[in-house]
Amino acid sequence: MRPLIFGEVLFDQFPDGSVVLGGAPFNVAWHLQAFGLAPLFISRVGRDALGDAVVAAMTGWGMDRRGVQFDATHPTGTVEVSFQAGEPHYAIADRVAYDAIAAGELPAPAGEWLLYHGSLALRHTESAEALARLRDRIPGSRFVDVNLRLPWWRREQVLADLKGATWVKLSEDELIALFPDGDDAGRQAELATLVTGHVVITSGEQGATANSVDGSPPVRVRPTQTAAVLDTVGAGDAFCSVCLAGRLLAWPLAVTMQRAQQFASAIVGIRGATPTDKDFYRRFLDAWRMKAD
């Protein structure tokens, strides 16, 4: 089973003038490639310099580019990143290429796939319809990474997208936003009615909790390292990538969660979410006894 990653690719533009390739689905695909798990990434870029940079980065990283579409009308996505009290805030450009992923240009993947997608790339009809086409073609396991970015989400649409997911990952704040009434236990119970496997709730410095809908005891993890935090952009995507790796490689849930927390804790110590130094990944590959391509 290979990971099939659907959604946005964009450039994060930081206050210091630096520009870093990102987008939650792209970040996840980037990590999975470094882990040797050969993701197929589906998105859309503009026929512009930034789009060329995306393709060049993917080529240099050895990623499968069959799912990348090209758009002569819409530009490659960008985001202005700012920080308030240490937390990132995002000004996301609208009507960009990943908003127009075309169902008619999708690859036709054969075999067994684990489909991952977020919620941002579904804000407009074209990409939402493309994902619906993919879901029809690939009816197996699905991992949904909730990314609520104002004003680009509607509760009804997000809940519909969550229905039938095998895994869902979201933050405590996103859980409250989706289920504003009642207490935390009630919110989690409501979400569990939509999911067939596991719900992972991230809590920043407090770590994360995985709840299984079969009633198994929750698995909780907390950061253990004390390294300086440079920025938290991409920490959740790093966590997701290891959750996907654990699912693909049949790791026990407790092992998957611990490894996901370790990797996310390392990502916050660098600028941006896509390390280009493969040595960054080496200690994790060695510790997890994985072999990269």
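Below or above, wherever it landed, is the structure these notes cover. (Residues numbered from 1 in each chain as written. Predicted model: local features only at pLDDT ≥ 70, side-chain atom pairs only at ≥ 80, totals over all residues. Heavy atoms only, no water.)

**Comments concerning the overall build of the chain**
The helix and strand tally for the chain stands at 9 helices and 13 strands. By the burial criterion, 56% of the 293 residues in the chain qualify as buried. Here the analysis covers contacts within the chain between residues at least 6 apart in sequence; of these, 70% occur between residues at least 24 apart. If you sum the accessible surface of the chain, you get close to 12600 Å²; carbon and sulfur atoms cover 51% of it. (Helix = DSSP H or I, 4+ residues; strand = E, 2+ residues; numbered from the N terminus. Buried < 20%, exposed > 50% of the residue type's maximum accessible area, 1.4 Å probe, protein only. Contact = heavy atoms within 4.5 Å. Areas by Shrake-Rupley, 256 points an atom, 1.4 Å probe, with all protein chains shown as cover.)

**Thoughts on the packing of aromatic side chains**
Any two aromatic rings considered together are summarised by their centre-to-centre distance and by the angle between their planes. Across all of its chains, the model carries 18 aromatic pairs by this definition. Ring centres 5.9 Å apart and planes at 35 degrees place the aromatic pair Tyr116 and Phe143 in the tilted group. Residue Tyr116 is found in strand 8 (residues 113-117), and its partner Phe143 is found in strand 9 (residues 142-145); the two are separated by 27 residues along the sequence. Here Tyr116 matches Phe143 in class, with each residue buried. (Phe/Tyr/Trp six-rings, centres within 6.5 Å; stacked < 30°, edge-to-face > 60°.)

**Here we look at the sheet that holds strand 3 (residues 19-22)**
The strand order across the open sheet built from 4 strands is 3-2-6-7, with neighbouring strands paired in mixed fashion. The outermost strands of the open sheet, each flanked by one partner alone, are strand 3 and strand 7 (87-92). Mean inter-strand twist for the sheet, computed between neighbouring axes without regard to direction, equals 35 degrees. With 4 bridges connecting them, strand 2 (residues 10-13) and strand 6 (residues 77-84) associate as parallel partners. Bridge pairing in strand 6 links Phe11 to Thr78. (Pairing = 2+ DSSP bridges. Axes fitted to C-alpha atoms, helices over the stretch in contact; angles between N-to-C directions.)

**What to know about the environment of Arg282**
Here Arg282 lies in helix 9 (residues 279-288). Counting along the chain gives 231 residues from Arg282 to Gly51, while the straight-line C-alpha distance between them is 29 Å.

**Side note on the pairing of strand 4 (residues 40-46)**
Here strand 4 lies mainly inside the structure; 7 of its 7 residues are buried. Residue alternation in strand 4 divides its side chains into two sets, Leu40, Ile42, Arg44 and Gly46 and Phe41, Ser43 and Val45, and both sets are buried. Where strand 1 (residues 2-6) lies against strand 4, 3 bridges are found, and the strand directions are parallel. By the bridge assignment, Leu4 is partnered in strand 4 with Leu40. Across 4 bridges, the pairing between strand 4 and strand 5 (residues 68-71) is parallel. For Ser43, the partnering residue across the bridge sits in strand 5 and is Val68. Regarding the hand of the β-α-β motif, the stretch spanning strand 4, helix 2 (residues 49-61) and strand 5 is right-handed. (Right-handed = clockwise from strand over helix to strand, strands pointing away.)

**Some points on the sheet that holds strand 8**
With mixed pairing, the 9 strands of this open sheet are ordered in space as 5-4-1-8-9-10-11-12-13. Strands with a single pairing partner mark the edges of an open sheet, and in this sheet they are strand 5 and strand 13 (219-221). If you compare each strand with its neighbour and ignore which way they point, the axes differ by 15 degrees on average. Across the sheet, helix 3 (residues 125-137) is in contact with strand 1, strand 4, strand 8 and strand 9; its angle to strand 1 comes to roughly 160 degrees.

**A look at the environment of Ala245**
Residue position: Ala245 is located in helix 7 (residues 235-249). Along the chain, Ala245 and Leu37 lie 208 residues apart, while their C-alpha atoms are 7.6 Å from each other. Not counting residues within four places of it along the chain, the set of residues in contact with Ala245 comprises Leu32, Leu37 and Trp251.

**So, the pairing of strand 6**
Summarising the sheet, strand 6 and strand 7 pair through 6 bridges and their orientation is antiparallel. Bridged to Val79 within strand 7 is Ile92. If you look at the hairpin formed by strand 6 and strand 7, you'll find 2 residues sitting between the two strands, and Ala85 has a positive phi there, around 55 degrees.

That's the geometry; what it means functionally is another story.
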